[in-house]
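Results of the structural survey
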Amino acid sequence: MAAMRLPPGVVLDGEAVIYLADAEGGARISFEAAQSRALSGTHRTRELTARHPATAGGLTGGGRC
């Protein structure tokens, strides 16, 4: 696992993002989809997760604690 090779004290930060198809055939990040999943019950969250999986985005690193 890549995290095992990081020096001690390194802090990684990132966000889970959900991409949805847009009208031009591309994709856009959807805050609404993420919020809907966060506010749903367990069964609905599983349905939404299967339909629109999240991706790690905006990962940064290098900070020390």
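Residues numbered from 1 in each chain as written. Predicted model: local features only at pLDDT ≥ 70, side-chain atom pairs only at ≥ 80, totals over all residues. Heavy atoms only, no water.

Moving on: the overall build of the protein. A tally of regular secondary structure across the protein gives two helices and four strands. Counted from the first residue to the last, the protein has its helices and strands arranged as β-β-β-α-α-β. Across the 65 residues that make up the protein, the buried fraction comes to 12%. For the protein, the share of sequence-separated contacts (at least 6 apart) that also reach a separation of at least 24 residues comes to 59%. Taken as a whole, the protein presents about 5,100 Å² of accessible surface, with 59% of it coming from carbon and sulfur. (Helix = DSSP H or I, 4+ residues; strand = E, 2+ residues; numbered from the N terminus. Buried < 20%, exposed > 50% of the residue type's maximum accessible area, 1.4 Å probe, protein only. Contact = heavy atoms within 4.5 Å. Areas by Shrake-Rupley, 256 points an atom, 1.4 Å probe, with all protein chains shown as cover.)

Here we come to the pattern of salt bridges. Scanning the model with the defined rule gives one salt bridge in all. Between R44 and E47 there is a salt bridge; the shortest N-O distance is 3.4 Å. Here R44 and its partner E47 are both found in helix 2 (residues 42-51), three residues apart, which amounts to about one turn of the helix. (Salt bridge = Lys/Arg side-chain N within 4 Å of Asp/Glu carboxyl O.)

Turning to its location among the elements, T45 is positioned in helix 2. When sequence neighbours within four positions are dropped, the list of residues in contact with T45 reads R37 and S40. A polar contact of 2.8 Å, which involves the side chain of T45, links it to the backbone oxygen of G41. (Polar contact = N/O pair within 3.5 Å; in protein donor to acceptor, adjacent residues only side chain to side chain.)

Within the secondary structure, S30 is located in the loop between strand 3 (27-29) and helix 1 (31-39). Taking the relative accessible area as the measure of exposure, S30 reaches 3% and is therefore buried. The contact partners of S30, leaving out residues within four places of it in the chain, are I18 and L20.

To continue, consider the side chain of R37. Here R37 lies in helix 1. Residues within four places of R37 in sequence aside, it is in contact with I18, T45, L48, T49, H52, P53 and A54.

What follows covers the confidence of the model for the protein. Residues of the protein with pLDDT of at least 70 account for 85%, and the chain-wide mean is 84. At the level of individual helices and strands, the protein shows its lowest average pLDDT in strand 4 (residues 55-64), which scores 69, and its highest in helix 2, which scores 93. (pLDDT = per-residue confidence, 0-100.)

The subject of this paragraph is the environment of D13. When you line up the elements, D13 lands in strand 1 (residues 10-17). Note on D13: relative accessible area 48%, which makes it partly exposed. With 43 residues separating them in the primary sequence, D13 and A56 have C-alpha atoms 10.0 Å apart.

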